[in-house]
Amino acid sequence: MRSVLLPTVVKASVDADHGDRLRVFSGSANPELALEVTRYLGIPLGNMVRKTFADGEIYVQIQESVRGCDVYLIQPTCPPVNDHLMELLIMIDACKRASARQVTAVLPYYGYARADRKPSGRESITAKLTANILTEAGVNRVLAMDLHSSQIQAYFDIPVDHIYASPVLVEYLQHLDLASLVVVSPDVGGVARARALAKRLDDAPLAIVDKRRQGHNEAEAMNVIGDVKGKTAILVDDIIDTAGTILEAGRALLASGAKEVYACATHAVFSPQATERLASGVFREVILSNTIPVPYDKQFKALRVLSVANLLGEAIWRIHEDSSVSSMFR
């Protein structure tokens, strides 16, 4: 695996008038990413104690004053999802009880997001439930990256800043200088995401894999809609979980005449079997961001991990300065 840190935005400059009110803390889910963010901001990572009792209960203590401060808690709710979500809630509560002026939950990965509607009766909409829990815990704002669906922003009754990893992915793909590109969505639901990436890649053509889902975490790729013959296919999704969908899509593209396939996604959930499928030789490279840490035992030769720390750091600074976040992506 090769990790790449790309300078996608201009480094923030923390001045004395505002920087002394800015505090950034990390949960246990991805402390390496949080450390990169604070290096970008030019401030130290906040001190915090996190312990787990024998019965599994989580204990958090903030070890510095946050009274009157704007606090940013960086915690992707990645596996183990329940533990990391509960830890974030306890961090929020600790900061509110310590008289923080404002608490922002920075969620590089928003867990429970895939259940964002009721496709059948008697099901929970866990994306909305999670939003309710975070709000009730006392968070004032949410900063999230590449939500599974944009509608999740509406589940919150507090401000939500939604940012994207696409500038980092685009910069890396342009660095590869690939010829005859086609951007491919692995299903109809991801067309908007694929179209946005294609536009950034000099209006590259678009193709879609017609996917028929058999059940949760099970998919069968069927037909390729669009011309991919002799082209380099950039297969783009937001999450790679079991890798079943993206593997079948990659095979379908090669069977349809694609020269080679690059798989791109933001969130490396990597459930069991994912690494074996991704390392099967179907993909020239599997390009992911570091919103979720990839353990050593799940790394493989074709994996490329790009850092989104600069994007998160810039977004945090702009929120802190009350300036535009959306202009980062224009």
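Our subject is the structure that appears above.
Definitions and limits used
- Residues numbered from 1 in each chain as written.
- Predicted model: local features only at pLDDT ≥ 70, side-chain atom pairs only at ≥ 80, totals over all residues.
- Heavy atoms only, no water.
- Helix = DSSP H or I, 4+ residues; strand = E, 2+ residues; numbered from the N terminus.
- Rg over C-alpha atoms; globule rule 2.2 N^0.38 Å.
- Contact = heavy atoms within 4.5 Å.
- Areas by Shrake-Rupley, 256 points an atom, 1.4 Å probe, with all protein chains shown as cover.
- Buried < 20%, exposed > 50% of the residue type's maximum accessible area, 1.4 Å probe, protein only.
- Pairing = 2+ DSSP bridges.
- Right-handed = clockwise from strand over helix to strand, strands pointing away.
- 1 Å grid on protein atoms, 1.4 Å probe; cavity = no way out; pocket = protein on both sides within 12 Å on 5 of 7 lines; lining within 4 Å.
- Points joined across faces, edges and corners; volume = space filled by probe spheres on them.
- Salt bridge = Lys/Arg side-chain N within 4 Å of Asp/Glu carboxyl O.

Participant: Can you lay out the overall build of the chain for me, pointing to particular residues and giving the numbers?
Facilitator: Regarding its fold elements, the chain presents nine helices and 17 strands. On C-alpha atoms alone, the chain measures out to a radius of gyration of 20 Å, which is about the 20 Å that the 2.2 N^0.38 rule sets for 330 residues. Counting only C-alpha atoms, the chain reaches 60 × 45 × 35 Å along its principal axes. Summarising the internal contacts of the chain: among those between residues at least 6 apart in sequence, 67% fall at separations of at least 24. Total accessible area computed for the chain in this model is approximately 15100 Å², and 48% of it derives from carbon and sulfur atoms.

Participant: So what's going on with the pairing of strand E7 (residues 141-145)? Which residues, and what values?
Facilitator: Most of E7 sits out of view: four of its five residues are buried. Of the strand pairs in this sheet, strand E6 (residues 102-107) and E7 are connected by four bridges, and their pairing is parallel. Paired with Val106 across the strands is Leu143, a residue of E7. With respect to chirality, the unit in which E6 leads through helix H4 (residues 126-137) into the neighbouring parallel E7 is right-handed. Bridge analysis of E7 against strand E8 (residues 160-163) gives four bridges, and the strand direction is parallel. By the bridge assignment, Val142 is partnered in E8 with Val160.

Participant: Residue-level account of unusual backbone geometry, with values.
Facilitator: Trans is the common state for peptide bonds, and a negative phi is the common state for residues other than glycine. In this structure, the amide linkage connecting Pro79 to the following residue, Pro80, adopts the cis form with an omega of -5°. Here Pro80 is to be found in the loop between strand E5 (70-74) and helix H3 (81-97). Positive phi, close to 45°, is recorded for Asp146, a residue that is not glycine. Within the secondary structure, Asp146 sits in the loop between E7 and E8.

Participant: Outline empty space enclosed by the protein, listing residues and values.
Facilitator: Taken as a whole, this structure holds one cavity of 30 Å³ or more when the rule is applied. Its volume calculated, the largest cavity comes out at about 40 Å³. Taken together, Tyr109, Tyr110, Ala113, Met145, Asp146, Leu147, His148, Asp238, Ile239 and His267 make up the full set of residues lining the largest cavity.

Participant: So what's going on with the pattern of salt bridges? Residues and values would help.
Facilitator: Counting across every chain of the model gives 15 salt bridges. Glu285 is paired through a salt bridge with Arg304; the nearest N and O atoms lie 3.6 Å apart. Within this pair, whereas Glu285 is found in strand E16 (residues 285-289), its partner Arg304 is found in strand E17 (residues 303-307), the two being separated by 19 residues in sequence. Comparing Glu285 with Arg304 shows no difference in burial state: the two are buried. When salt bridges with common partners are traced through the structure, they connect Arg21, Asp70 and Arg101 into a single cluster.

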